[in-house]
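Descriptive structure summary
Residues per chain, in single letters:
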Amino acid sequence: MKILAEMYRSGKINIQGKTIFRNAVRGVILRGSDLLMIHSSVMGDYKFPRGGVQKGESHEQALAREIEEESGALLDLLGEGLGAVIEYDIPMETEYDVFKMTSYYYLCQVGAGFGQQRLDDYEKDLGFHPAWVNVDEAIFINRSLLNIDNPPQWLKRELLVLEYIRLNFFGSTGIHLAV
C-alpha cells in the first residue's frame, strides 16, 4: 500500500532504536460527498472509524469489528486500500525507544442504518457517535481545532487523509460549503 505520509508526534524520537509496533485499520466510507465519521461531542473533531489489528486478525476482520463497535454499522464490502500513514512517538513502555504506528486506510461500504455502539470507556468519555459529514465541513472543523490546547493526537493525521480524499475524489477545489 502506498505511504501517504510519515509523521512525528514528538521531537527527539530515535526511530532507529528499539521499536514497539502497532498496526491499525481505518474505514473511508463515502456516500456522495459525505463521509461516515466518528464525531466527538466533547472535542468536536471528526475521525475515521478505526482500530488496532489484533493478533491473528486480518485487516478486513479488524475493520469490520471496529466499524461495528464505533458506529454500529455493518461492513458490507472492503474495497481498495487508499494508503497508509506512519506515525512515530515516544512509547509509554520504557523498554522501547520508539512507538511506530502504521494506519492503513481502506475504502469501505456499509449497510444502511446503525445498530448499537460498543465503545471503550475513553470513547464514551469523548462522546463518540457516528455522523455523516461533508468532506469540506470535516476538514474545516478539524483544521479549526489544530490551535486549541491539547488537540487530539490523531487530528493532524485525519486532516491529512481528509485533504487527500478531497483532492483525489472531488478535485483540488473541493466541494465548497456555503459559509
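The paragraphs below set out a description of the structure included in this document. Treat the numbers as computed from the prediction; the structure is a model and nothing was measured.

1. A short note on the packing of aromatic side chains
Considering all chains together, one arrives at four aromatic pairs under this definition. Plain terms: the ring middles of Tyr8 and Tyr88 are 5.0 Å apart, the flat faces sit at 20 degrees to each other, and that makes the pair stacked. Here Tyr88 lies in strand β6 (residues 75-89) and Tyr8 lies in strand β1 (residues 3-8), a separation of 80 residues in the sequence. Residue class for Tyr8 comes out partly exposed when judged on its relative accessible area of 47%. Given the relative accessible area of 7%, Tyr88 is considered buried. Measuring from ring centre to ring centre gives 6.4 Å for Tyr122 and Phe128, while their planes differ by 75 degrees; the resulting arrangement is edge-to-face. In this structure Phe128 comes out as buried when scored by relative accessible area, which is 4%. A cation over a ring is seen here: Lys18 above Tyr96, with NZ or CZ 5.0 Å from the ring centre.

2. Considerations on the side chain of Arg65
Relative to the assigned elements, Arg65 resides in helix α1 (residues 59-71). Classification of Arg65 as buried rests on a relative accessible area of 16%. Polar contacts involving the side chain of Arg65 include one to the main-chain carbonyl oxygen of Gly52, which spans 3.0 Å.

3. Re the nonpolar core
Across soluble globular proteins, nonpolar side chains have a tendency to be buried as a group. One finds Val28, Leu35, Met37, Phe48, Tyr105 and Leu162 to be the most contacted residues of the largest nonpolar core, which totals 20 residues. Of all the secondary structure elements, the ones that give two or more residues to this core are β1, β3 (34-40), β6, β7 (98-110), β8 (128-134), α3 (135-144) and α4 (155-170). No other element matches the four residues that α4 contributes to this core. Discounting chain neighbours no more than four positions away, the residues touching Met37 are Tyr46, Lys47, Phe48, Pro49, His129, Pro130, Ala131, Val133, Ala138 and Leu162. If you look at the next biggest cluster of nonpolar residues, it comprises 11 residues, including Leu36, Ala62, Ala73 and Leu75.

So, how was this worked out
- Sequence order sets the numbering: in each chain, residues are counted from 1 along the sequence as written.
- Local features in this predicted model are restricted to residues whose pLDDT is 70 or higher, and side-chain atom pairs enter the listing and the counts only when it is 80 or higher, whereas totals over whole chains, interfaces and linings include all residues.
- Derived side-chain values reflect all non-hydrogen atoms in the structure, with water molecules and hydrogen atoms excluded from consideration.
- Centres within 6.5 Å make a pair out of two Phe, Tyr or Trp rings, where for Trp the six-membered ring is used; the pair is then stacked when the planes are under 30 degrees apart, edge-to-face when over 60, and tilted otherwise.
- Only DSSP runs of H or I covering at least 4 residues are called helices, and only runs of E covering at least 2 are called strands; the numbering of each starts at the N terminus.
- Under the scheme applied here, a residue whose accessible area is under 20% of the maximum for its type counts as buried, over 50% as exposed, and between as partly exposed, the area being computed with a 1.4 Å probe on protein chains only.
- By definition here, charges over rings are those cases where NZ of Lys or CZ of Arg is within 6 Å of the ring centre and within 35 degrees of the ring normal.
- Side-chain atoms alone can form a polar contact between residues adjacent in sequence; in general such a contact is a pair of N or O atoms within 3.5 Å, and within protein one must be able to donate a hydrogen while the other accepts it.
- By convention a nonpolar core is built from buried Ala, Val, Leu, Ile, Met, Phe, Trp, Tyr and Cys residues, the set being connected through side-chain atoms within 4.5 Å.
- We call two residues in contact when some of their heavy atoms are within 4.5 Å.

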